[in-house]
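Here are the chains, one letter per residue:
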Amino acid sequence: MRRIGIDVGGTNTDAVLLADGKVVQGVKTATTADVTGGIVAAFEALKAVSDFGSGIDALMIGTTHFINAVVQRRNLTKVAAIRVALPATAALPPFTGWPVDLAKLANGGVWQIEGGHDYDGRRFMPLDIAAARAIARQIRERGLKYVVVTAMFSPLDASDEATIASILREEIPGVSVTCSHLLGGIGLLERENAAILNASLIALAEEAIRGFEHAKSRIGLSAPLFVTQNDGTVAEASRAAAFPVYSFASGPTNSMRGAAYLSGIEEAIVVDVGGTTADFGHLRLGFPREANAVVHVGGVRTLFRMPDLISIGLGGGSRVDLTSNTIGPGSVGYRLTEQALVFGGDTLTMTDVGVAAGLIDLGDRRRVANLRAGDVSSILHRAKEMIEENVDRVKADAGDVTLIAVGGGAFLVPENLQGVACIKRVEHGGCANAVGAAIAQVSGEVDQVFQGSTRSEAIATARKLADGRAIEAGAGPETLIMVEAEDTPIAYLPGNAMRVRVKVVGDIKSRTPAEALPG
Amino acid sequence: MRQLSSDDIEALAVGAWILGTGGGGSPYHALLNLRRLYEDGSRVNLIDIDELHDDDAVAVVSVMGAPLVILERMVDSRLIARAVSAMEEHLGRKFKAVMAIEIGGGNGMQPLLAAAHLGIPVVDADAMGRAYPEAQMTSFAVGDLSPCPLTSIDPRGNEVVISKSATWKWMERVSRKVCTEFGSLAATCKAPRTGAEVKKWGIPRTTTKAINLGHAVNEANRRHADPIAAILKAESGQRLFTGKVVEVERRTTEGFLRGRTVIEGLGDDRAARIEIDFQNEWVVVWREGRPVVSTPDLICVLDSESGEAIGTETIRYGQRTTVIALPAAQVFLTPRGLEHVGPRAFGYDIDFNSVFPS
C-alpha cells in the first residue's frame, strides 16, 4: 500500500510518500500561485528521491485554498439564499451580520418563505410549496446557479430543505444546492452562514479539484484523488468539491493527525510551529478535538465542525524585538531565507535566536555571534511562557499532558514545560501535515431521527447505514470502526423518538496490483 | 430625553451582557436587529424616570424562552412591538414609554426594539438591575405591585392575554406554560406600570449603566488599556479574583441550568481558588468553604483580556477570567428584597453579606 500525501500551505507545499505505513521520504517545496504547478513540483521532487515501486494506491491532497479565498475576498460566487422559517426570523434575513465587502461579493438575493419545524420535531408552519416554486423560477431568471436552503430546526428534521432542493433541481437546470443541515447544528444564522460560504466557494472548489486532477494526470498517476477534511478524514474529490468548507481547517488537522501517527500517541496536546504561527490542538483518540462554539471565518460567524485550535504569532520567521522582549506577531514568512540574520538579511527572527542558542544549525552562525547571551535566553524564556500558556488553554482538564512538537519551528519548544509531563519529537515532524494527509481515512456519517426502536437498535441501524456510506466512499469494509455515537431523545414525538448520530472511519481500500500500476 | 447613537447601542449590547451576570441570554440577535433598524433610519430616545408623569402608562417587555429555541427561531423586533400593541388593545389606552423587566442579557435590548417600531421612548430603568430567572425576582414583585395582565405573542398569530393571576408565582407558572406551547419562545408585555410606580419601584438609570459599562470596555480595548479596570472604575465595582477555570460541572434541572465552576488563582491570587455556583446566573462565590459574595450583589465573570462577559452556558476549562462584583439595587437589600432574590430564594441557607459597605 503506497500513498502520497501533499499539503498545499500558504508558504510551503509538502509531500510525503508512505509505504506500508512507513514514511519513505518527505520533501518541502515552495507553494506556487497556480495550484497545479506547486503540486507537480512537489511530486517531481518526491519522485527524484524515492522509489515508487509497484505504483501508488491513493493521492491525498490537503489545501488552505478555500479558506484563503474567504479571508482574502477573492473567487467567490454569488449565492441565492432561501430561508424557510416565516413568519419567524424575518427581522434577521440571510447575510445579517456579514462584513459589508464579503456580503457584496456573495449576496445574489434572499428569499424567505413559510415552513420549518420546532425544537420538539413538530411542524412550525406548513411548507409553502407554491412560493418555493415561484422563487425557483425567479432564481433561474436571474441566472443564479448556487442556492442555499436553510429551514428552521433542519438539523432535527431536514425534510423541508430536501423538498425545496428537489424543486430547485426541477426548475433550474444545472443548479447546485447547499442544504444547511449538512453543514451545521442548531443555530440558524450560523448554520446558514456556513452554507452560504460553502455555496459561494463551490465554483472555486470545482476548479481547484480539476487542477488537482490535471496535476495528477501530468505526473502520470491513475490512483484515486482524495481531499482532506476538517475532521482528519478524506473525501473523494467530487464530494470535496461540493463541500469546500469542510476543507477549511484541514491544514492544522493534518498536522495533528500526522503528529499522532508519527509518534504513535493518540491522547496528547500537539503544537505545530511553522514559519508564522504556532497552532495548538488537543488529540483525542488520534483525532483533533472539535470546537463546540461559534467559529469566525473571514469575519462571518459560523457553526460547523472545526478542530478546536489556538493559533498564536510564534514561528521560525517571527520578528523579535529585544528592547521590549517581544516575539511577533509579525513574521518574515517565506522571505526567511532572505531576511533572517543567519541568511544574510537584517531582520532578527526566532530562527536567528534558535541558531544563536545552538538549538538548530542553519545559515551562517557567525552572523548572530554578537547577540548577547542574556537577550537570547530572555527571548527563549518568553517563547517558553507563550507555549506553556497555550498548552494549558487547549487542555480539557487539569493534569500534566504529553506534548508532541512538530513543524519546521519545533526547535523553539524547550524540553521542560510547566504542565507537560513529556515532550515527543518525531522523525519527519517537519512534514507532519503531509503525513496526516497521507494516512487519512474515509468516514461515513449518519445523523437521523429514529422512531419505534430501542436505543441500541437505533444505533445499530445507524451504524449499518454509516458503514455503507464509508464503503461507498472508498473504505475497506474490514477496517471500519465506530468513532462517534450520540443519541438525543426528542420529547413530544410519539414512539420513543431519538436523534442518532454515528460516525465510522476506515482505511482506504487497497487497490489490486494491476489497478495500482502507474499511468 | 436623549437620542441613543449607534455607538450607544453597540455599547449597550456589551454592557447588558456583563449585567447578565452569566445568564440573561446573549444580546447578539437583538443587536443585529437593532443595527438594521438604525440603518433604516430608526432612532430610539431614552428618558429618565423623572420625565414620566405619575399617571403615564409604561409598557414592560421581555422575551421568554429556551436559549436553544432562540438560537433557531431568533426574535423579531415586530413581535415585541406587537406584545406592547396587544396590551394597549387589552387596556384600551396608549403607552407613553416602554421599559425592560431585566437589563441583563438580551432582554436589556428588547424595549429599544419595541420603541423603534412604536415611536415611543425607552425609560432608563428596569426591575432587576441585572438578570434573574423568574418573574417574582423583580423590584415590582418586592413592591407587591400587580403581576397582571400579561400578553404573550407567537409569530403565527397566536396571542394570549393573562388577565388575572393570584400571585407573581402563579403568573410565572401560567405564562411559562403558554410559552412552552408556543414552542418555548414568546414575546411578552408584562403588567403595565404607571409613571408613579416606575418612580417608586423601578431601578433607575440601568440602561445608562449598561451603556457606560460597554463604552468603558470598548474604549479600553481601543486604547489597549485594561478593560476590567475600566469597568470597575465606571461602576464602582470590586475585583474579587483573577485566575483560570479548572473545572465546570453543569446539569439541567427544573428548567434551570445549574452547576458550579472552579477557578484557580493566577498572579496575585496564585495558590488560591474559588468556586462559583450558578442557576442560570452566577449565584454564590465560595472561598475555602465560605461564601464571599452572593446574590443580589452582581457576580460577573469576565474574560481577563477582553473584559467580555462569560456566560454560565459557555464557560469552559482553561479560560482566563477575572471575577468582579457590582453593587445590587437598593431595593433588594431590604429584608423583603432579600426574600425575593437573596441566597435563600435560590436554596442556600446562608445570610447575605454585601461586599459593598452600606
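What counts, and at which threshold
- Residues numbered from 1 in each chain as written.
- Chains lettered and ligands numbered in written order.
- Predicted model: local features only at pLDDT ≥ 70, side-chain atom pairs only at ≥ 80, totals over all residues.
- Helix = DSSP H or I, 4+ residues; strand = E, 2+ residues; numbered from the N terminus.
- Rg over C-alpha atoms; globule rule 2.2 N^0.38 Å.
- Buried ≥ 20, exposed ≤ 12 C-beta atoms within 10 Å, placed from the backbone.
- Contact = placed C-beta atoms within 7 Å.
- Domains from an automatic or database assignment.
- Nonpolar A, V, L, I, M, F, W, Y, C, P; charged D, E, K, R; others polar.
- Core = buried A, V, L, I, M, F, W, Y, C linked by C-beta atoms within 7 Å.
- Pairing = 2+ DSSP bridges.
- Axes fitted to C-alpha atoms, helices over the stretch in contact; angles between N-to-C directions.
- Left-handed = near helix turned anticlockwise from the far one by under 90°.
- Parallel < 35°, antiparallel > 145°, perpendicular 65-115°, else oblique.
- Expected span 1.5 Å × (residues − 1).

Novice: Mind laying out the overall build of chain A, listing which residues take part and the relevant values?
Specialist: Counting secondary structure elements, chain A contains 14 helices and 23 strands. By the compact-globule yardstick of 24 Å for 519 residues, chain A fits well, its C-alpha radius of gyration being 24 Å. On the principal axes, the C-alpha backbone points of chain A span a range of 75 × 55 × 45 Å. Counting the 519 residues in chain A, one finds 51% classified as buried. Considering only contacts in chain A between residues 6 or more positions apart, those separated by 24 or more positions represent 67%.

Novice: How would you summarise the overall build of chain B if you had to cite specific residues and measurements?
Specialist: On a plain count of helices and strands, chain B comes out with 11 helices and 17 strands. Expected size for 358 residues packed as a compact globule is a radius of gyration near 21 Å; at 19 Å, chain B falls within 12% of this value. Considered along the principal axes of its C-alpha atoms, chain B spans approximately 60 × 45 × 40 Å.

Novice: Explain the domain arrangement of chain A to me, using residue names and the numbers behind them.
Specialist: Frequently, the measure chosen for interface size is the accessible area that the parts lose on association. By domain assignment, chain A separates into domain 1 (1-56), domain 2 (79-206), domain 3 (249-438) and domain 4 (440-514). Taking the mean C-alpha position of each, domain 2 of chain A and domain 4 of chain A sit 27 Å from one another.

Novice: Could you give an account of the interface of chain B and chain A, naming the residues involved and the relevant values?
Specialist: Contact residues are listed per partner, giving 21 residues for chain B and 25 residues for chain A. Counting only elements with at least two residues in the side of chain B that touches chain A, the list comes to helix H2 (28-39), helix H3 (67-73) and helix H4 (77-91) of chain B. Here the element with the most residues in the side of chain B that touches chain A is H3(B); it accounts for five residues. A per-class count over the side of chain B that touches chain A returns eight nonpolar, seven polar and six charged.

Novice: If you had to explain the environment of B:Ala131 to someone new, which residues and values would you point to?
Specialist: Residues and elements named next belong to chain B. Mapping Ala 131 onto the fold places it in the loop between strand E6 (125-126) and helix H6 (139-142). Taking the C-alpha atoms as reference points, Ala 131 and Pro 149, 18 residues apart in sequence, are found 22 Å from one another. Beyond its immediate sequence surroundings of up to four residues, Ala 131 is in contact with Gly 20, Thr 21, Gly 23, Gly 24, Glu 102, Gly 104, Gly 105 and Glu 281.

Novice: I'd like a description of the domain arrangement of chain B, backed by residues and values.
Specialist: All names here are of chain B. Partitioning chain B into structural domains gives domain 1 (2-204) and domain 2 (234-346). Between the C-alpha centres of domain 1 and domain 2 there is a distance of 25 Å. Sorting the residues of the side of domain 1 that touches domain 2 by element identifies helix H1 (6-19) and H6 as the ones contributing at least two each. Across the side of domain 1 that touches domain 2, the residue classes tally to 12 nonpolar, seven polar and one charged.

Novice: Please set out the nonpolar core residue by residue, giving values where relevant.
Specialist: Core analysis: the largest hydrophobic core is formed by 278 residues, its most contacted members being A:Ile82, A:Val147, A:Val271, B:Val84 and B:Val98. The greatest single-element share of this core, amounting to 14 residues, is contributed by helix H6 (residues 188-218) of chain A. Filtering out sequence-adjacent residues up to four positions away, A:Val271 remains in contact with A:Ala278, A:Phe280, A:Ile387, A:Val391, A:Leu403, A:Ala405 and A:Val413.

Novice: So what about unusual backbone geometry? Which residues, and what values?
Specialist: Leaving glycine aside, a negative phi is the common case for residues, and trans is the common case for peptide bonds. For the bond from A:Leu86 to A:Pro87, the omega torsion is 5 degrees, close enough to zero to count as cis. In this structure, A:Asn75 is a non-glycine residue whose phi angle is positive, near 60 degrees. Turning to its location among the elements, A:Asn75 is positioned in the loop between helix H2 (65-71) and strand E5 (79-86). In this structure, B:Ser236 takes a positive phi of about 35 degrees despite not being glycine. Within the element layout of this structure, B:Ser236 appears in the loop between helix H10 (227-234) and strand E11 (238-253).

Novice: For helix H12 (residues 432-439) of chain A, give the residues involved together with the corresponding values.
Specialist: Residues separated by three or four positions in an α-helix point in the same direction, a consequence of the helix having 3.6 residues per turn. Counting buried positions along H12(A) yields eight of eight residues, so the element is predominantly enclosed. If you check which residues of H12(A) are buried, you get A:Ala432, A:Asn433, A:Ala434, A:Val435, A:Gly436, A:Ala437, A:Ala438 and A:Ile439.

Novice: Residues and numbers for the pairing of strand E10 (residues 233-236) of chain A, please.
Specialist: Put simply, side chains in a regular strand alternate between the two faces of the sheet. All names here are of chain A. Pairing of strand E9 (residues 225-228) with E10, which is carried by three bridges, proceeds in the antiparallel orientation. For Thr 228, the partnering residue across the bridge sits in E10 and is Val 234. Linkage of E9 to E10, two consecutive antiparallel strands, is achieved through a turn of four residues, within which Gly 232 is found at a positive phi near 90 degrees. In the sheet, E10 pairs with strand E21 (residues 441-450) via two bridges, with the strands oriented parallel. In the sheet register, Thr 233 faces E21, and the bridge partner there is Gln 441.

Novice: Summarise the sheet that holds strand E7 (residues 146-151) of chain A; cite the residues concerned and give the values.
Specialist: Residues and elements named next belong to chain A. As summarised here, the arrangement of the four strands in space is E6-E5-E7-E8, forming an open sheet in which the pairing is parallel. Unpaired on one side and paired on the other, strand E6 (107-114) and strand E8 (176-179) mark the two borders of the sheet. For this sheet, the mean angle separating the axes of adjacent strands, direction not counted, is 20 degrees. Sheet topology places E5 next to E6; six bridges connect them, and they run parallel. Looking at E6, one finds that Val 84 is bridged to Ile 113.

Novice: Could you give an account of the packing of helix H1 (residues 35-49) of chain A against H6(A), with specific residues and numbers?
Specialist: Residues and elements named next belong to chain A. Relative orientation of the contacting elements H1 and H6 amounts to 35 degrees, with a least axis distance of 9 Å. Relative to H6, the crossing made by H1 is right-handed. Contacts between H1 and H6 involve Val 35, Thr 36, Ile 39 and Val 40 on the former and, on the latter, Ala 208, Gly 211, Phe 212, His 214, Ala 215 and Arg 218.

Novice: I'd love a proper account of the packing of helix H4 (residues 129-142) of chain A against helix H5 (residues 159-171) of chain A, names of residues and values included.
Specialist: All names here are of chain A. Two numbers describe how H4 lies on H5: the axes approach to 9 Å, and their chain directions differ by 45 degrees. With respect to H5, the axis of H4 lies oblique. Crossing hand, H4 versus H5: right-handed. Between H4, through Ala 132, Arg 133, Ala 136, Arg 137 and Arg 140, and H5, the contact on the second element is made entirely by Ile 164, Ile 167, Leu 168 and Glu 171. For the contact of H4 with H5, the per-class residue count stands at five nonpolar, no polar and four charged.

Novice: Would you mind going over helix H8 (residues 250-263) of chain A in detail, with residue names and values included?
Specialist: All names here are of chain A. Taking 1.5 Å of rise per residue, the 14 residues of H8 would be expected to cover 20 Å, and the 20 Å separating its terminal C-alpha atoms lies within 8% of that figure. Most of H8 sits inside the fold, with 14 of its 14 residues counted as buried. At the exit of H8 stands Gly 264, carrying a positive phi of roughly 70 degrees.

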